[in-house]
Amino acid sequence: MGKKVLYFITSEDIAGVELASEHTEEDAVTILLLQNAVYFANKTNKMVSDALDKNITIVANKEDVEVRGIKTFISDKIKLIAYDEVVDLIFANDTIINM
C-alpha cells in the first residue's frame, strides 16, 4: 500500500490538481481546496472531474465556498468541510503538499 497524501491548494493555479492526478493508484490522494481554489470545485471543471474519476478524494472548505456564493455550482462529488475538520484531515495523512 502507498502513502496518504494531502494537497493543500489555496490559489487559482490548476498545477496542484494536475500534480495530484499523477499519483499512482497505490497512494491515497486527497485534494483540499481552500480560499480562491474553491472555484475549481465547479461542476464543469474538467481537470477536477478527471481527478475524481481517478478516485482522488476532493474536499473544499465550506466557509470559503459560502463566502464566494458558489455553493450551487459545486459538484456533488466534492465534500464540503469546516475549518475544524481540516485539522483532522491534516493528521490523517502521511504527507502534505502545499500549493
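Scroll up to find the structure.
So, here is what we can say about the structure in this document. (Residues numbered from 1 in each chain as written. Predicted model: local features only at pLDDT ≥ 70, side-chain atom pairs only at ≥ 80, totals over all residues. Heavy atoms only, no water.)

### Some details on the overall build of the chain
The number of helices and strands found in the chain is four helices and five strands. For the chain, the sequential pattern of α-helices and β-strands runs β-α-β-α-β-α-β-α-β. Relative to the globule expectation of 13 Å for 99 residues, the C-alpha radius of gyration of the chain, 12 Å, shows essentially globular dimensions. Residues classed as buried in the chain amount to 40% of the 99 residues present. Taking contacts inside the chain between residues at least 6 apart in sequence as the whole, the part at least 24 apart equals 67%. Accessible area for the chain stands at about 5,700 Å²; split by element, carbon and sulfur atoms hold 51% of it. Charged side chains in the chain number 10 positive and 17 negative. The centres of these two groups are separated by 5 Å. (Helix = DSSP H or I, 4+ residues; strand = E, 2+ residues; numbered from the N terminus. Rg over C-alpha atoms; globule rule 2.2 N^0.38 Å. Buried < 20%, exposed > 50% of the residue type's maximum accessible area, 1.4 Å probe, protein only. Contact = heavy atoms within 4.5 Å. Areas by Shrake-Rupley, 256 points an atom, 1.4 Å probe, with all protein chains shown as cover. Lys, Arg positive; Asp, Glu negative; His and termini not counted. Charge placed at Lys NZ, Arg CZ, Asp CG, Glu CD.)

### Points about the pattern of salt bridges
All chains considered together, the criterion is met by two salt bridges. Where Asp-50 meets Lys-46, a salt bridge forms, and the shortest distance between an N and an O atom there is 3.3 Å. With Asp-50 and Lys-46 both in helix H2 (residues 46-53) and four residues apart, the pair spans about one turn of that helix. A salt bridge links Arg-68 to Asp-64; the nearest nitrogen and oxygen atoms lie 3.8 Å apart. The exposure class of Asp-64 is buried, given its relative accessible area of 8%. (Salt bridge = Lys/Arg side-chain N within 4 Å of Asp/Glu carboxyl O.)

### A short note on the side chain of Asn-45
Structurally, Asn-45 can be placed in the loop between strand S2 (28-33) and H2. On the basis of relative accessible area, Asn-45 is assigned to the buried category, the value being 16%. Only 3.0 Å separates the side chain of Asn-45 from the backbone nitrogen of Val-48, close enough to count as a polar contact. With residues near it in sequence (within four places) discarded, Asn-45 still touches Ile-14 and Phe-40. (Polar contact = N/O pair within 3.5 Å; in protein donor to acceptor, adjacent residues only side chain to side chain.)

From the geometry alone we can't say anything about function, so treat these as descriptive.
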